[in-house]
Amino acid sequence: MHEETVYDALDTTHGGGGQWAFGTGFDDPLAGVELTVPDGVDPADLGAYCLMLGDDALVLAQRLTEWITAAPELEEEVAFGNTALDLLGQARLLLTRAGSVGVLGRSRSTATDSIPDEDALACFRDPDEFRCTGLVAAGNGDFAQTMVRLLAASTVRLAVFARLRASRDPVLAAVAAKGVHELAYHRDHAARWVLRLGDGTPESHRRAQAGVDAVWPHLADLFTATDVEARLAAAGVAVDPAGVGDEVHDVLTTVLTRATLRVPGRPADVVPRGRTGGHGPELSALLTTLQGLARRHPAATW
Amino acid sequence: MTPAPDPREVAGTVVDPELPVLTLAELGVLRDVRLHDGTVVVDLTPTYTGCPAMGVMRADLLNALHAAGFDDVEVRTVLSPAWTSDWISAEGRRKLAEAGIAPPGPAPDRAPGPVPLRLGPSRRTAPCPLCGSPDTEEVSEFGATACTALRRCRSCREPFEHVKEI
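Everything numeric in this text was worked out from a predicted model, so none of it was measured.

The helix and strand inventory of chain A stands at twelve helices and zero strands. Scanning chain A from its N terminus toward the C terminus, one meets helices and strands in the order α-α-α-α-α-α-α-α-α-α-α-α. Across chain A, contacts joining residues at least 24 apart in sequence account for 77% of those joining residues at least 6 apart.

Below you can see the structure in the form of structure tokens.
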């Protein structure tokens, strides 16, 4: 059989009948990857952990895309788009992995059967089922605040992923090994912008400092392990977030100091809220945009 | 009866949808092609995790192998080891430069442990693929595709794309 065009081939490969408009629909990102759960690991824990890492990436990607058509310069619009695309790729793998170990629950019952797990998880979960941190769920603020948040979020994620490369779960280890390359590029890009803004004009300095002050409180609930993370870290599968706090603060302090910005005191660690489903109205608003079309027209094709 | 074509050779002719001067093999994303119980099994790895071209690459491989008479083809995603720009072959680098796209320099070391912060101006350099001048500057760390950045030559003044080192 010989398809005339790439699109015909896609269609034929995936059973015909068009693609679901809001999902990828035609490309399982983990096709052919060995998905066995490591010995001694509760699949529910593994799924919950994949949701934490996947939701952080999905929600931050959505925040960054809010800048598309509104960034101060074309190059930065492209940068936000590319960074979001890398994060969306990480989210797809992690949500697919979460689906493969059976976390779907309510979202599968509301989504149409033909929708892939990753899309059912992204578009058919309610806010209280998301496991992202407040650091990524918070609104963008201005360009300076967005860059400070991107610096903080990519520094945290890079520190976690660098350790996750040694995970006993081969899927997490592979996602982390790939992600480290991407996250280092994001972090260094954001760091150079924070330097430029902090050590720039009085106005850019003022805005960068305001951004730091707005982002900083969100660092409080990043470094205490949830029960899921504690169990999986003990099993050699997850990274204990308590172990990355010092590295994150060292990196952020280095950048802010070089940027002539005041480093706020390190907030006292608190029990994480976002990781257990406690979110503010900003996440609901973001999800309304992210999910609205898919929920209004489930399994629509084009 | 004509001899059956070699599935490796067939898959080796498929080009990258975003950098069509390169084959997938030259880009280093075609990791393996083998015949297993009458099925052609192809291992494909993404350049970047979110690379939107993966679906098209998969379809192009299926299309080429089906056209060559292989009815049973399975394209598998391989995530590990992660792709690095070091895997672009010498022939691939030559073709990129010929097409006006600067090939990547050596990829940064990604040893275990913390990844060092790079705050200074980007240390990535690339000679101009058009006039050969080493005097070029980065215009944007991100380009039209996930794997390219934008540079400009200070000698001939032409802008050009540069495959990022990762």
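Now that the structure has been shown, the text picks up again.
Let us now look at the overall build of chain B. A tally of regular secondary structure across chain B gives four helices and seven strands. Counting from the amino terminus, helix and strand elements in chain B follow one another as α-α-β-β-α-β-α-β-β-β-β. Counting only C-alpha atoms and orienting by the principal axes, one finds that chain B spans roughly 60 × 40 × 25 Å. In chain B, buried positions account for 49% of the 166 residues. The contacts in chain B between residues at least 6 apart in sequence include a share of 53% that link residues at least 24 apart. Accessible area of chain B: about 7500 Å², with a carbon and sulfur share of 53%. Side chains of chain B carry 17 positive and 23 negative charges; the gap between the two charge centres is 8 Å.

Here we come to the interface of chain A and chain B. The interface of chain A with chain B comprises 48 residues on the first partner and 45 residues on the second. Buried surface at the junction of chain A and chain B, summed over both partners, amounts to about 4000 Å²; 60% is from carbon and sulfur atoms. Run the count over chain A and chain B and you get two salt bridges. For Asp188 of chain A, the salt bridge identified is with Arg118 of chain B, shortest N-O distance 3.9 Å. Applying the counting criterion to the chain A and chain B interface returns 13 residue pairs in polar contact (both at pLDDT 80 or more). Counting residues per element, the ones that place at least two in the side of chain A that touches chain B are α1 (6-13), α3 (74-100), α7 (143-164), α8 (170-198) and α11 (245-258) of chain A. Among the elements that line the side of chain A that touches chain B, the one with the most residues is α8 of chain A, at 15 residues.

What follows deals with the domain arrangement of chain B. Segmentation of chain B into domains returns domain 1 (7-77) and domain 2 (100-109 + 117-163). Taken over C-alpha atoms, the centre of domain 1 of chain B sits 28 Å from the centre of domain 2 of chain B.

Residues and elements named next belong to chain B. Strands sit in the order β4-β7-β6-β5 across an open sheet of four strands; the sheet is mixed. Edge positions in the sheet fall to β4 (101-102) and β5 (136-140), since each has one partner strand and no second. Bridging between strand β6 (residues 148-153) and strand β7 (residues 159-163) involves five bridges; their strand directions are antiparallel. From the neighbouring strand, Arg151 faces β7, where its bridge partner is Phe160.

Take the sheet that holds strand β3 (residues 73-77) of chain B next. Residue and element names in this part refer to chain B. Across the sheet, which stays open at both edges, the three strands sit in the order β1-β2-β3 with mixed pairing between neighbours. Both edges of this open sheet fall to β1 (30-36) and β3, since each of them pairs with a single strand only. Shown here is a sheet whose adjacent strand axes are inclined to one another by a mean of 20 degrees, direction ignored. For β1 and strand β2 (residues 39-44), the ladder comprises six bridges, and the chain directions are antiparallel. Pairing of Leu35 across the sheet is with Val40, part of β2. This element, helix α3 (residues 54-67), spans β1, β2 and β3 of the sheet and lies at about 155 degrees to β3.

We now examine the side chain of Asp55 of chain A. All names here are of chain A. Checked against the element boundaries, Asp55 lands in helix α2 (residues 43-65). Asp55 gets classed as buried once you look at its relative accessible area, which sits at 0%. With residues up to four places along the chain from it excluded, the contact list for Asp55 reads Leu95, Arg125, Glu129, Phe130, Arg131 and Cys132.

In this section: the pattern of salt bridges. A side chain with one charge can pair with a side chain of the opposite charge if their charged atoms come near. Here the structure, examined in full by the defined rule, presents 27 salt bridges over all chains. Among the ionic pairs, Arg97 of chain A bridges to Asp169 of chain A, the shortest N-O distance being 2.7 Å. Taken together, the residues span a long stretch of sequence, with Arg97 of chain A in helix α3 and Asp169 of chain A in the loop between α7 and α8 at a distance of 72 residues. Residue Arg94 of chain B is joined to Glu98 of chain B by a salt bridge in which the shortest nitrogen-to-oxygen separation is 2.7 Å. With Arg94 of chain B and Glu98 of chain B both in helix α4 (residues 90-98) and four residues apart, this pair spans about one turn of that helix. Overall, the relative accessible area of 41% leaves Arg94 of chain B in the partly exposed class. Three or more residues joined by partner-sharing salt bridges are found here, namely Asp142, Glu203, Arg206 and Arg207 of chain A.

Moving on: the packing of α2 of chain A against helix α12 (residues 281-296) of chain A. Residues and elements named next belong to chain A. The interhelical angle for the contact between α2 and α12, taken along N-to-C directions, is 75 degrees, at an axis separation of 11 Å. In this view, α2 runs roughly perpendicular relative to α12, as classed from their interaxial angle. Contacts between α2 and α12 involve Leu58, Val59, Gln62 and Arg63 from the first element and Glu282, Leu283, Leu286, Thr289 and Leu290 from the second. Counted by class, the contact of α2 with α12 contains five nonpolar, two polar and two charged residues.

What follows deals with the environment of Leu64 of chain A. All names here are of chain A. For Leu64, the location among the structural elements is in helix α2. A relative accessible area of 1% means that Leu64 is categorised as buried. Sequence separation of Leu64 and Thr83 is 19 residues, and the distance between their C-alpha atoms is 7.8 Å. If we skip the residues at most four places from it in the chain, Leu64 touches Phe80, Thr83, Ala84, Leu87, Thr146 and Leu150.

The next point concerns unusual backbone geometry. The omega angle of the peptide bond from Ser80 of chain B to Pro81 of chain B is -5 degrees, so this bond is cis rather than trans. Tracing the sequence through the fold places Pro81 of chain B in the loop between β3 and α4. Positive phi values are uncommon outside glycine, yet Thr69 of chain A reaches one of about 80 degrees. Considering the arrangement of structural elements, one finds Thr69 of chain A in the loop between α2 and α3. By relative accessible area, Thr69 of chain A is classed as exposed at 71%.

Reading the values: rules and limits
- Residues numbered from 1 in each chain as written.
- Chains lettered and ligands numbered in written order.
- Predicted model: local features only at pLDDT ≥ 70, side-chain atom pairs only at ≥ 80, totals over all residues.
- Heavy atoms only, no water.
- Helix = DSSP H or I, 4+ residues; strand = E, 2+ residues; numbered from the N terminus.
- Contact = heavy atoms within 4.5 Å.
- Buried < 20%, exposed > 50% of the residue type's maximum accessible area, 1.4 Å probe, protein only.
- Areas by Shrake-Rupley, 256 points an atom, 1.4 Å probe, with all protein chains shown as cover.
- Lys, Arg positive; Asp, Glu negative; His and termini not counted.
- Charge placed at Lys NZ, Arg CZ, Asp CG, Glu CD.
- Buried area = accessible area lost by both parts, 1.4 Å probe.
- Salt bridge = Lys/Arg side-chain N within 4 Å of Asp/Glu carboxyl O.
- Polar contact = N/O pair within 3.5 Å; in protein donor to acceptor, adjacent residues only side chain to side chain.
- Domains from an automatic or database assignment.
- Pairing = 2+ DSSP bridges.
- Axes fitted to C-alpha atoms, helices over the stretch in contact; angles between N-to-C directions.
- Parallel < 35°, antiparallel > 145°, perpendicular 65-115°, else oblique.
- Nonpolar A, V, L, I, M, F, W, Y, C, P; charged D, E, K, R; others polar.

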